[in-house]
Amino acid sequence: MHTVVCVFVEYFILLLTVRILSRRPGAQLTPFEFVIVFLVGGVVILATVGDDRSMTNCFCGIIAVALLHRTVADLRLRFPRFGAFVDGTPLVLIDQGKWQDETMNRMRLQDVDVMASARTKGIKSLEEIEYAVLERNGAISVIKRKEN
Amino acid sequence: MAASSENTSVGDSVPKINDDLAVGSDLEFQRRWWKFENVTWWLFAVIVLMDILGCFGRGPLANAKVQTPDGTMKIKYERIERLSTPSLITIEFGGSAIKDEKLQLLVSESLVKRLGNQRVVPQPAVSRLGDSKIMYTFPANRLPASVQFSLEPSEVGISHLTLQVPGADEAKLTIFVMP
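Residues numbered from 1 in each chain as written. Chains lettered and ligands numbered in written order. Predicted model: local features only at pLDDT ≥ 70, side-chain atom pairs only at ≥ 80, totals over all residues. Heavy atoms only, no water.

Moving on, we get to the side chain of threonine 90 of chain B. Residue and element names in this part refer to chain B. The topology assignment puts threonine 90 in strand β6 (residues 87–93). Its relative accessible area of 17% is what places threonine 90 among the buried residues. Side-chain polar atoms of threonine 90 contact the side chain of glutamine 148, separated by 3.2 Å. (Helix = DSSP H or I, 4+ residues; strand = E, 2+ residues; numbered from the N terminus. Buried < 20%, exposed > 50% of the residue type's maximum accessible area, 1.4 Å probe, protein only. Polar contact = N/O pair within 3.5 Å; in protein donor to acceptor, adjacent residues only side chain to side chain.)

Here it is as structure tokens:
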């Protein structure tokens, strides 16, 4: 009972915290962000499990997380606004070769982050980029400028 | 749950920018989200500050001292406790607490039932139950003397605890246990 209640409460606290923390928890995990994943996980597990180390508690905890995750995924599909709340929306970082300063600054991104993504597509400089989009999963998609 | 998602048709609904690239960005929503983010960060900062100060227990504001009007007991305790988290109540005796080489202390049952008393140091020679109270008797010959209760609260919410040396003034403590 304690574990299941903890799972429900902590799932949403963690979801909110990770959601406002950064757009890049999984896509471009730097050591700086790696620390947060481990530290938060370690802190949450202590309160969730408490002093009950039984297999029953472990099993109930796992299926509670799975059920909650499935429910949130379903709500996300049914209510697009909820989906935007949970996942965010893609954000344009470069629009027709122009930096979108507001988005870059608010998302705490630097040009080097975009260029790192661009290099993986064989793009050598900013002039070659038509669009750059910060995706919901934190990855940066880069679209190459069409050659005339 | 599965049936509803299986019946939803998938179409080309992703809005384009410049009539060119299908992104589905929503900058207005994002601007509202950034405002929400700012408020949440301030809220988080306030929560951390309150935690450091001890508003949720285990800090300077949570620690409390109380003395009975006749000076029989000085009690150090935490007015805000946390569920299943160890803490101490220390009672220093003064005045005429010792009678016939015995020190007696009458405490309410909430000490055990709600606040989860784990240990009494020193161990009492006699513990007697009755009338929703517990009477501890310690062999003692000279003041100052002190007794310590190790707690591990088992119930969330407000707990009222009374402590009294028989015949002397009573101390009433109100302790809030955080989840």
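In this section: unusual backbone geometry. Residues and elements named next belong to chain B. With an omega of -5 degrees, the peptide bond running from valine 121 to proline 122 counts as cis. Inspection of the secondary structure puts proline 122 in the loop between β9 (117–121) and β10 (126–130). The phi dihedral of serine 84 is positive, around 55 degrees, even though this residue is not glycine.

Here helix α2 (residues 27–53) of chain B spans 39 Å end to end across 27 residues, near enough to the 39 Å set by a 1.5 Å rise per residue. When we look at burial in α2 of chain B, the residues that qualify are Phe29, Gln30, Trp33, Trp34, Glu37 and Thr40 of chain B. At its buried positions, α2 of chain B is contacted by α1 (2–21), α4 (80–87), β1 (91–95) and α5 (101–106) of chain A. Backbone geometry just downstream of α2 of chain B places glycine 54 of chain B in the positive-phi region, at approximately 100 degrees. (Expected span 1.5 Å × (residues − 1). Contact = heavy atoms within 4.5 Å.)

Our next topic: the domain arrangement of chain B. Each domain of chain B was delimited in the assignment, giving domain 1 (23–53) and domain 2 (63–178). Domain 1 of chain B and domain 2 of chain B are separated by 44 Å when their C-alpha centres are compared. (Domains from an automatic or database assignment.)

In this section: the sheet that holds strand β4 (residues 140–144) of chain A. Each strand in a sheet pairs with its neighbour through backbone hydrogen bonds, running either in the same direction (parallel) or in the opposite one (antiparallel). Residues and elements named next belong to chain A. Strand order in this open sheet of four strands is β2-β1-β3-β4, and the pairing throughout is antiparallel. Both edges of this open sheet fall to β2 (98–99) and β4, since each of them pairs with a single strand only. Across five bridges, strand β3 (residues 129–134) lies against β4 in antiparallel orientation. Its bridge partner being in β4, alanine 132 is matched across the sheet by valine 142. (Pairing = 2+ DSSP bridges.)

Moving on, we get to the pattern of salt bridges. Residue and element names in this part refer to chain B. Per the stated rule, a full pass over the model turns up ten salt bridges over all chains. Close ionic contact of arginine 31 with glutamate 28 constitutes a salt bridge, the shortest N to O distance being 2.9 Å. Here arginine 31 and its partner glutamate 28 are both found in helix α2, three residues apart, which amounts to about one turn of the helix. Taking the relative accessible area as the measure of exposure, arginine 31 reaches 31% and is therefore partly exposed. Here lysine 113 ties to glutamate 109 by a salt bridge, and the two come within 3.2 Å at their closest N and O atoms. (Salt bridge = Lys/Arg side-chain N within 4 Å of Asp/Glu carboxyl O.)

Time to look at the sheet that holds strand β12 (residues 145–151) of chain B. Residues and elements named next belong to chain B. As summarised here, the arrangement of the five strands in space is β3-β4-β6-β12-β9, forming an open sheet in which the pairing is antiparallel. The sheet is open, and its two edges are formed by β3 (63–67) and β9, each paired on a single side. Each strand of the sheet is rotated relative to its neighbour by a mean of 15 degrees, with strand direction disregarded. (Axes fitted to C-alpha atoms, helices over the stretch in contact; angles between N-to-C directions.)

What follows covers the interface of chain B and chain A. Interfaces are often described in size by the accessible area the parts lose on coming together. If you look at the interface, chain B gives 25 residues, while chain A gives 29 residues. In total, chain B and chain A occlude about 2500 Å² of area from one another, counting both sides; carbon and sulfur atoms represent 62% of this. Where chain B meets chain A, there are two salt bridges. Notably, a salt bridge pairs arginine 81 of chain A with aspartate 26 of chain B, separated by 3.5 Å at the nearest N-O pair. Applying the counting rule to chain B against chain A returns five residue pairs in polar contact (both at pLDDT 80 or more). (Buried area = accessible area lost by both parts, 1.4 Å probe.)

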